[in-house]
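# Observations on the model geometry
Read off the chains here:
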Amino acid sequence: QVQLVESGGGLVQPGGSLRLSCAASGSIASFSAMSWYRQAPGKQRELVALMTSSGGTTYGNSVKGRFTISKDKVKSTVYLQMSSLRPEDTAVYYCNGLRLSGSIWGQGTQVTVSS
C-alpha cells in the first residue's frame, strides 16, 4: 500500500511563501491525479490544487495565481508552492492520491499564516 507523507508546513507571516511536499512511498505514476486539500477549523475540507497524470491542473478560486502544484516523478513527490500567503490560508493541508482502487490521504501538515 502506497503511503503519502506531507512536510513543509509551519508558521509564516502574511505575504510570505512556503513550499509543501508530499512524498509517496511508491511510484506516483499509478495515480490518475494528485491533489492538495485543506481544512480550516470549523470548515469543510476544500480542494486547493489538483494535477492529473497528464499534467493538467485545477486550482481553487481562492488560491489561483498564488499557489502552484507540481510533481517530480523521479522523486515520487508532489509539491505545493504557496506565495502571497494570507491569514485565511491557515489550515491543515492534506495530500491526496486518486487511483481506480480508491483514494489515499496523507496525515496533513499545519500551515499558519500570522504576524
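From a predicted model like this one, the values you see are computed outputs, not experimental measurements. (Residues numbered from 1 in each chain as written. Predicted model: local features only at pLDDT ≥ 70, side-chain atom pairs only at ≥ 80, totals over all residues. Heavy atoms only, no water.)

## Some remarks on the state of the cysteines
Per the counting criterion, the structure on display carries one disulfide. Disulfide pairing is shown between cysteine 22 and cysteine 95; the S-S distance is 2.0 Å. Around the S-S axis, the bridge from cysteine 22 to cysteine 95 shows a dihedral of about -80 degrees and counts as left-handed. Of the two residues, cysteine 22 sits in strand S3 (residues 18–24) while cysteine 95 sits in strand S9 (residues 91–99), which places them 73 residues apart along the sequence. With a relative accessible area of 1%, cysteine 22 lands in the buried category. (Disulfide = S-S within 2.5 Å. Helix = DSSP H or I, 4+ residues; strand = E, 2+ residues; numbered from the N terminus. Buried < 20%, exposed > 50% of the residue type's maximum accessible area, 1.4 Å probe, protein only.)

## A word on the sheet that holds strand S1 (residues 4–7)
Strand order in the open sheet formed by four strands is S1-S3-S8-S7, and the pairing between neighbours is antiparallel. The open sheet has two edge strands with one neighbour each: S1 and strand S7 (67–72). For this sheet the average axis-to-axis angle between neighbouring strands, irrespective of direction, equals 15 degrees. The pairing of S7 with strand S8 (residues 77–82) spans six bridges and is classified as antiparallel. The partner of lysine 71 across the bridge, within S8, is valine 78. (Pairing = 2+ DSSP bridges. Axes fitted to C-alpha atoms, helices over the stretch in contact; angles between N-to-C directions.)

## Some words on the pattern of salt bridges
All chains considered together, the criterion is met by three salt bridges. With a shortest N-O distance of 2.6 Å, arginine 38 and glutamate 46 are connected by a salt bridge. According to the relative accessible area criterion, arginine 38 is buried, its value standing at 5%. One network of salt bridges, with partners in common, ties together Arg38, Glu46, Arg66 and Asp89. (Salt bridge = Lys/Arg side-chain N within 4 Å of Asp/Glu carboxyl O.)

## Observations regarding unusual backbone geometry
Its identity is not glycine, yet serine 76 carries a phi of approximately 50 degrees, on the positive side. At serine 84, a position not held by glycine, the phi torsion is positive, near 50 degrees. Topologically, serine 84 is positioned in the loop between S8 and S9. On the basis of relative accessibility, which here comes to 42%, the residue serine 84 falls in the partly exposed class.

## Describing the nonpolar core
If you look at the biggest cluster of nonpolar residues, it comprises 29 residues, and the most contacted ones within it are Trp36, Val48, Phe67, Ile69, Leu80, Met82 and Tyr93. Taken together, the elements giving at least two residues each to this core come down to S3, strand S4 (33–39), strand S5 (46–52), S7, S8, S9 and strand S11 (109–113). With four residues, S3 is the single largest residue contributor to this core. Sequence-distant contacts of phenylalanine 67, that is, excluding residues within four places in its chain, are made with Arg38, Val48, Tyr59, Leu80, Gln81, Met82, Ser83, Leu85, Asp89 and Tyr93. (Core = buried A, V, L, I, M, F, W, Y, C linked by side-chain atoms within 4.5 Å. Contact = heavy atoms within 4.5 Å.)

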